[in-house]
Amino acid sequence: MELAAIVKAMGLEVRAGSERLNAEVRGGYVGDLLSDVMANSSEGDLWVTRQIHQNIIAVASLKEHAGIVLVQGSEPTKDTLEKAVAEGIPLLVSPFSCFETAGRIYNMIATKGEESLGAR
Amino acid sequence: MQANAKPLYEDSFAVEGGNFDNAGRVSSNIKSILKKMGLSSDVVRRAALVAYESEINIVSYSRGGLIHLRVGSDRVLIEAVDEGQGIADIELAMQKGYSTATEKIREMGFGAGMGLYNIKSFSDYFQITSEVGRGTCLKMIISISDAAGA
């Protein structure tokens, strides 16, 4: 489903990459260990994390994620924000806990696009 | 690719030790080069991963190093050579979950002890040599095969 629909439904704050909210979210991944995210997430995933430092942008860019969701109202650092703007990576802030953020996103994707979560 | 065949692409990229601000830049560069060459998304994805983990290792554990990229008709070769502390027990370092990362590195989500393990599992050929006090050299090959598809 379109990232913009998730942003709207969950009331996510858009901190960067507003020009790419039309990206297709094909799935999601939750992780704070960058090697885990590098190895196991997929292109088009919406990445949910509590990491706020600038290295998350390189990971999201390399993996071609649809965007990054920072949980529990965590704000990105200044460097992170600048890198996200430069790379055009949607950087979103969720007011919810990691568990609730992931659960809500999962529900939305699962009900909208069955094919995107099934065959991974 | 014969050993002496002319590569389709060859270049070396410097990686600064200890500088996390730019960590990922070289692997990002390598990824876009491979993508532009029209390699399959599977090859690009695996090459980007091994390049990224190698780059993070150089940043985390060495004074600096070089990542060498050589693309042939049937393979992508990535070599990561650093000057640094080296690895005393390679077998231990290869184990998933084993890491000598500092607290500062771990706080950023690195140092999960997955880097070398991931490099090995995502490459078709992997060789590691290291000398304590001198540095470490990683050699990784991702095979380009038409059968592998996208």
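Treat the numbers as computed from the prediction; the structure is a model and nothing was measured.

What counts as what
Residues numbered from 1 in each chain as written. Chains lettered and ligands numbered in written order. Predicted model: local features only at pLDDT ≥ 70, side-chain atom pairs only at ≥ 80, totals over all residues. Helix = DSSP H or I, 4+ residues; strand = E, 2+ residues; numbered from the N terminus. Rg over C-alpha atoms; globule rule 2.2 N^0.38 Å. Buried ≥ 20, exposed ≤ 12 C-beta atoms within 10 Å, placed from the backbone. Pairing = 2+ DSSP bridges. Right-handed = clockwise from strand over helix to strand, strands pointing away. Contact = placed C-beta atoms within 7 Å. Nonpolar A, V, L, I, M, F, W, Y, C, P; charged D, E, K, R; others polar. Arc of directions from axis to C-beta. Axes fitted to C-alpha atoms, helices over the stretch in contact; angles between N-to-C directions. Expected span 1.5 Å × (residues − 1). pLDDT = per-residue confidence, 0-100.

Visitor: Kindly report on the overall build of chain B, identifying the contributing residues and their values.
Guide: On a plain count of helices and strands, chain B comes out with 5 helices and 5 strands. The helix and strand sequence of chain B, counted from the amino end, reads β-α-α-β-β-α-α-α-β-β. For a compact globule of 150 residues, the expected C-alpha radius of gyration is about 15 Å, and chain B comes in at 15 Å, within 12% of that figure. Principal-axis analysis of the C-alpha atoms gives chain B an extent of 40 × 25 × 25 Å.

Visitor: Outline the pairing of strand E3 (residues 45–49) of chain A, listing residues and values.
Guide: All names here are of chain A. Most of E3 sits out of view: 5 of its 5 residues are buried. Because side chains alternate across E3, one face comprises the buried residues Asp-45, Trp-47 and Thr-49, and the other comprises Leu-46 and Val-48, equally buried. Strand direction decides the pairing type here: E3 and strand E4 (residues 67–70), joined by 4 bridges, are parallel. Bridge assignment links Thr-49 to a residue of E4, and that residue is Leu-70. In this fold, the crossover linking E3 to E4 by way of helix H3 (residues 55–63) has right-handed handedness.

Visitor: So what's going on with the interface of chain B and chain A? Which residues, and what values?
Guide: Taken together, the contact pairs 18 residues of chain B with 14 residues of chain A. Only helix H1 (25–36), helix H2 (41–61) and helix H5 (115–122) of chain B provide two or more residues apiece to the side of chain B that touches chain A. Ranked by the residues each element gives to the side of chain B that touches chain A, the list is headed by H2(B), at 4 residues. Here the side of chain B that touches chain A is composed, by residue class, of 9 nonpolar, 6 polar and 3 charged.

Visitor: Requested: an account of H5(B), with residues and values cited.
Guide: All of the buried residues in H5(B) are Gly115(B), Leu116(B), Asn118(B) and Ile119(B). Projected down its long axis, H5(B) carries its buried residues within an arc of 160°, all on one side. Where H5(B) is buried, its residues meet helix H2 (34–40) of chain A together with H2, helix H3 (90–94), strand E4 (125–131) and strand E5 (135–143) of chain B.

Visitor: Help me get a handle on the sheet that holds E3(A), residues and values and all.
Guide: All names here are of chain A. Overall, mixed pairing links the 5 strands, which are arranged E1-E5-E4-E3-E2 in an open sheet. Since the sheet does not close on itself, it has two edges, and those belong to strand E1 (13–16) and strand E2 (27–30), each with one partner. Here the average twist between neighbouring strands, direction ignored, is 25°. Two strands pair when backbone bridges link them, and E4 and strand E5 (residues 91–93) are joined in this way by 3 bridges, in the parallel orientation. Note that in E5 the partner of Leu-70 across the bridge is Val-93. Sheet strands touched by helix H4 (residues 78–87): E1 and E5. Its angle to E1, the strand with the most contacts, is close to 80°.

Visitor: Tell me about H2(B), and please be specific about residues and values.
Guide: In this model H2(B) runs 30 Å from its N-terminal to its C-terminal C-alpha over 21 residues, within 8% of the 30 Å that 1.5 Å per residue would give. Along H2(B), 19 of the 21 residues are buried, which leaves the element largely enclosed by surrounding structure.

Visitor: Could you give an account of the confidence of the model for chain B, with specific residues and numbers?
Guide: Summarising the model, chain B shows a mean pLDDT of 93, and 94% of its residues fall at 70 or more. Note on the complex model: pTM 0.90, ipTM 0.87.

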